[in-house]
Amino acid sequence: MTALLSRPAARILIGLIAPALFLSWWQWQASAGGAHAFAFAPLQSIGAAFVQLIEDGSLVTDMVATLSRSLAGLAIGGTLGIALGVAMAIWHPLDRVLGPLLNAIRQVPLIGWLPLLGLWFGTGQGTELIVVSLSAFFPALLNSYEGVAHVERRYLDIGLLYGFTAAQRFRLILLPAAMPLILTGLTQALAFAWIASIATEILLSAGSGLGVTMQLAQTQQRLDIILVAIIATAMLGFTINHLFQRLRRHLLRWQPSAL
Amino acid sequence: MTAAALASPAVDRSRSRSSRSPLAALVAPLVLVALWQLTCLSGLFPPQVLVPPSEVGETLWSLALSGELERHVGESMFRLSLGYVIGAVAGLVFGATIALSRLAEAALSPFFLAIWQVPVIAFVPVLVIFLGIDEPFKIAIVALATFFPVALATFDGIRSVPKAWFDVARVYRTRLPDLIGRILIPATIPAVLTGMRVALTRAWVVLVAAELLAADSGIGQMMEMGRQMFRIDVVLAGVVVSGLIGFALDRGAKAIEHRAIRWKYA
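## Some details on the overall build of chain B
Now for step 1: Of regular secondary structure, chain B possesses 13 helices and zero strands.
Now for step 2: Ordered by position from N to C terminus, the α and β elements of chain B give α-α-α-α-α-α-α-α-α-α-α-α-α.
Now for step 3: Burial analysis of chain B (266 residues in total) assigns 39% to the buried set.
Now for step 4: Counted over contacts in chain B with a minimum sequence separation of 6, partners at least 24 positions apart contribute 72%.

Okay, here's the thing in structure tokens:
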């Protein structure tokens, strides 16, 4: 058994058993005509839906829409989060004033802000972008705060020794030392923004996007379309997170131990 | 209660506890509420946009008196606890299975990891099609949100037990119940508890989202109805309650976690 499991090819084959069993169970449910047979889309119709969504270009449009929403939210929320996190770590009065407010805001599940934001800004794409930006904001803020607040004492001592100005200390010591955590924050922020994009698209159905398509397909009982959108979500999410991790490793290649 | 206190609770809380009195911790929220009240009194925002905390308090009070708040909170908590228990037990069993058996790992983990790539919220449309929009759907989505973090934490926890410990146990001819009760469980419990805490937070977020989308009761539904009827006081009351619940859940789970792993630092 162990000998078998140590061979990569065998492992892949064993790994395929569960999905294969699941798919055949699925196909059987779709054709057997049970209570939920209407809901189980047979595999060929999922394939057909995929071909159709590719041909009319809506899948690509949705992927681009969701991705740009996430990246826009990452850019807005991430920038504000890093700026505020660094500022709060350097200048303590700001931390005293804003800390409690931000803490209070953080306790409410992000999605819980949707009704309030809906009242204030309507239930359109603007609100979607606000929620996505908020979801990226907090991980960026917390990590950059941590990164700057916990820079090693001796690094700062060296700056003192060399007579660095405040600006030099910031640019040459604080920022590089905090960079690993700031990038960790951005990686988390991207993952959060991606999930928030899908969630707000499902909840508000504004504009276009994978979540909007899923929600629309749900009201039309089109499980085949939902599944194609879910698979696209999974693959796109995996890809951007993976690319971001690689970018992070590349940016931190100067570090002795890659985090 | 600064950002640092949240990010690394273990270190900072002990420090702040010794230096600050519990009264000092109340100052910041009180100032916050006072500022909110003043902003409203200044007439900067029309009452359709922002109502003062006093009015939110009144709304909360009347919701509580009429029993409506109790019903919403009760419904949400029922869904959360039932779904959470189902998801956590399933996650524990699944995580332990793929951690202990190489064959199970090879057979199940690729499928598991593939599904894990999908944000739980994206399963909402699928579950609605299969289960409708009633209780089973909400309990299922909570269970799903709980399952993945718990399963992963259990797997990691068991796999990170040093192999030498098992070797020692073998030398001493430890019987299986002792092996499980005295090595495996104590060694994995910190990781598992952390996973369960993360799962609780996520389950709560997903539940609120599911209630916003489709429910006839629950905190999320209370807020959504408030929005549709332009009752900003009800929406804000819901925001406050869901924040308090989220805070209480997180703090409660952290307290349990600290208590359970005390021996580690003793």
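Next comes the rest of the account.
## Re the overall build of chain A
Now for step 1: Per the secondary structure count, chain A includes eleven helices and zero strands.
Now for step 2: Scanning chain A from its N terminus toward the C terminus, one meets helices and strands in the order α-α-α-α-α-α-α-α-α-α-α.
Now for step 3: In terms of principal-axis extent, the alpha carbons of chain A reach across some 80 × 60 × 30 Å.
Now for step 4: Counting every position in chain A, which comprises 259 residues, the buried fraction comes to 41%.
Now for step 5: Considering only residue pairs separated by 6 or more positions, chain A has 72% of its internal contacts joining residues 24 or more positions apart.

## Topic: the confidence of the model for chain B
Residues and elements named next belong to chain B.
Now for step 1: Counting all residues, the mean pLDDT for chain B is 83, and 89% of those residues have values of 70 or more.
Now for step 2: This stretch, residues 1-19, has a pLDDT under 50; its non-local contacts, to residues over four places away or in other chains, come to 27 contacts.
Now for step 3: Note on the complex model: pTM 0.83, ipTM 0.81.

## Brief notes about the environment of Asp156 of chain B
Residue and element names in this part refer to chain B.
Now for step 1: As for its placement among the helices and strands, Asp156 is situated in helix H8 (residues 135-159).
Now for step 2: Taking the C-beta count within 10 Å as the criterion, Asp156 has 16 such neighbours and is therefore assigned partly exposed.
Now for step 3: Here the alpha-carbon distance between Asp156 and Ala199, two residues 43 residues apart in the chain, equals 15 Å.

## Side note on the interface of chain A and chain B
Now for step 1: Listed by partner, the interface residues are 53 residues for chain A and 48 residues for chain B.
Now for step 2: Among the elements of the structure, helix H2 (8-32), helix H5 (92-107), helix H6 (114-121), helix H7 (125-149), helix H9 (166-204), helix H10 (210-219) and helix H11 (223-251) of chain A are those that each provide at least two residues to the side of chain A that touches chain B.
Now for step 3: It is H5 of chain A that contributes the most residues to the side of chain A that touches chain B, eight residues altogether.
Now for step 4: Of the residues that constitute the side of chain A that touches chain B, the class distribution is 38 nonpolar, twelve polar and three charged.

## Looking at unusual backbone geometry
Excluding glycine, residues mostly have negative phi values, and the peptide bonds linking residues are mostly trans.
All names here are of chain B.
Now for step 1: Its identity is not glycine, yet Arg173 carries a phi of approximately 55°, on the positive side.
Now for step 2: Among the secondary structure elements, Arg173 is positioned in the loop between helix H9 (163-171) and helix H10 (176-213).
Now for step 3: Residues other than glycine seldom take positive phi values, yet Phe230 does so here, at roughly 55°.
Now for step 4: Positionally, Phe230 belongs in the loop between helix H11 (219-228) and helix H12 (232-260).
Now for step 5: Note on Phe230: 10 C-beta atoms within 10 Å, which makes it exposed.

## Examining the packing of H10 of chain A against H11 of chain A
Residue and element names in this part refer to chain A.
Now for step 1: The interhelical angle for the contact between H10 and H11, taken along N-to-C directions, is 160°, at an axis separation of 8 Å. The angle between the axes of H10 and H11 places the two elements in the roughly antiparallel class. The hand of the H10/H11 crossing is left-handed. Two secondary-structure elements touch here, H10 through Leu210, Thr213, Met214, Ala217 and Gln218 and H11 through Ile225, Ile226, Ala229, Ala232 and Thr233.
Now for step 2: In terms of residue class, the contact of H10 with H11 is made up of seven nonpolar, three polar and no charged.

## As for the confidence of the model for chain A
Now for step 1: Chain-level statistics for chain A give a pLDDT mean of 86 and a share of 95% at 70 or above.
Now for step 2: Across chain A, the element-wise mean pLDDT spans from 67 in helix H1 (residues 2-5) of chain A up to 93 in helix H4 (residues 58-90) of chain A.

## Brief notes about the environment of Ala99 of chain B
Residues and elements named next belong to chain B.
Now for step 1: Tracing the backbone shows Ala99 in helix H5 (residues 68-100).
Now for step 2: Separated by 135 residues in sequence, Ala99 and Val234 have C-alpha atoms that sit 47 Å apart.
Now for step 3: When neighbours within four sequence positions are excluded, Ala99 is seen to be in contact with Thr154, Phe155, Ile158 and Arg159.

## Examining the nonpolar core
Now for step 1: Ranked by size, the top nonpolar core spans 129 residues in total, and within it Ile121, Ile141, Val142, Ala203, Val206 and Ala209 of chain B carry the most contacts.
Now for step 2: A per-element tally of this core places H9 of chain A first, with 20 residues.
Now for step 3: Contact partners of Val206 of chain B, with chain neighbours within four places excluded, come to Val120, Ile121, Ile141, Val142 and Ala145 of chain B.

## So, the packing of H10 of chain A against helix H7 (residues 124-131) of chain B
Now for step 1: Two elements in contact, H10 of chain A and H7 of chain B, have axes separated by 9 Å at closest approach and are oriented at 10°. Between H10 of chain A and H7 of chain B, the interaxial angle falls into the category roughly parallel. Across the interface between the two elements, Met214, Gln215, Ala217 and Gln218 of chain A from H10 of chain A touch Pro125, Val128 and Ile129 of chain B from H7 of chain B.
Now for step 2: Its residues assigned to classes, the contact of H10 of chain A with H7 of chain B comprises five nonpolar, two polar and no charged.

## Here we look at H7 of chain B
Now for step 1: The set of residues buried in H7 of chain B consists of Val124, Pro125, Val126, Val128 and Ile129 of chain B.
Now for step 2: Tucked inside the fold, the buried residues of H7 of chain B contact H9, H10 and H11 of chain A together with H8 and H10 of chain B.
Now for step 3: Immediately beyond the C-terminal end of H7 of chain B, within one or two residues, lies Gly132 of chain B, with a positive phi of roughly 75°.

Rules behind the numbers
- Throughout this document, residue positions are counted from 1 along each chain, in the order its sequence is written.
- As a convention, the first chain written is A and the first ligand written is 1, with the rest following in written order.
- Only residues with pLDDT of 70 or above have their local features reported here, since the model is predicted, and side-chain atom pairs are shown and tallied only from 80 upward, although totals for entire chains, interfaces and linings are computed over all residues.
- A run of H or I in DSSP counts as a helix once it spans at least four residues, and a run of E counts as a strand once it spans at least two, with each numbered from the N terminus.
- Partly exposed residues are those whose C-beta has more than 12 but fewer than 20 other C-beta atoms within 10 Å; 20 or more makes a residue buried and 12 or fewer makes it exposed, with C-beta atoms placed from the backbone.
- By the convention adopted here, residues are in contact when the distance between their C-beta atoms, placed from the backbone, does not exceed 7 Å.
- Known as pLDDT, the predictor's per-residue confidence is scaled from 0 to 100.
- We call Asp, Glu, Lys and Arg charged. Ala, Val, Leu, Ile, Met, Phe, Trp, Tyr, Cys and Pro are nonpolar, and the rest, Gly among them, are polar.
- Each axis is a line fitted through C-alpha atoms, and for a helix only the stretch in contact is used; angles between axes span 0 to 180 degrees, taken between their N-to-C directions.
- An angle counts as roughly parallel when it lies under 35 degrees, as roughly antiparallel when it exceeds 145, as roughly perpendicular when it falls between 65 and 115, and as oblique in every other case.
- Left-handed describes a crossing whose near helix is turned anticlockwise from the far helix through less than a right angle; right-handed describes the clockwise counterpart.
- A set of buried Ala, Val, Leu, Ile, Met, Phe, Trp, Tyr and Cys residues, joined to one another through C-beta atoms within 7 Å, is what we call a nonpolar core.

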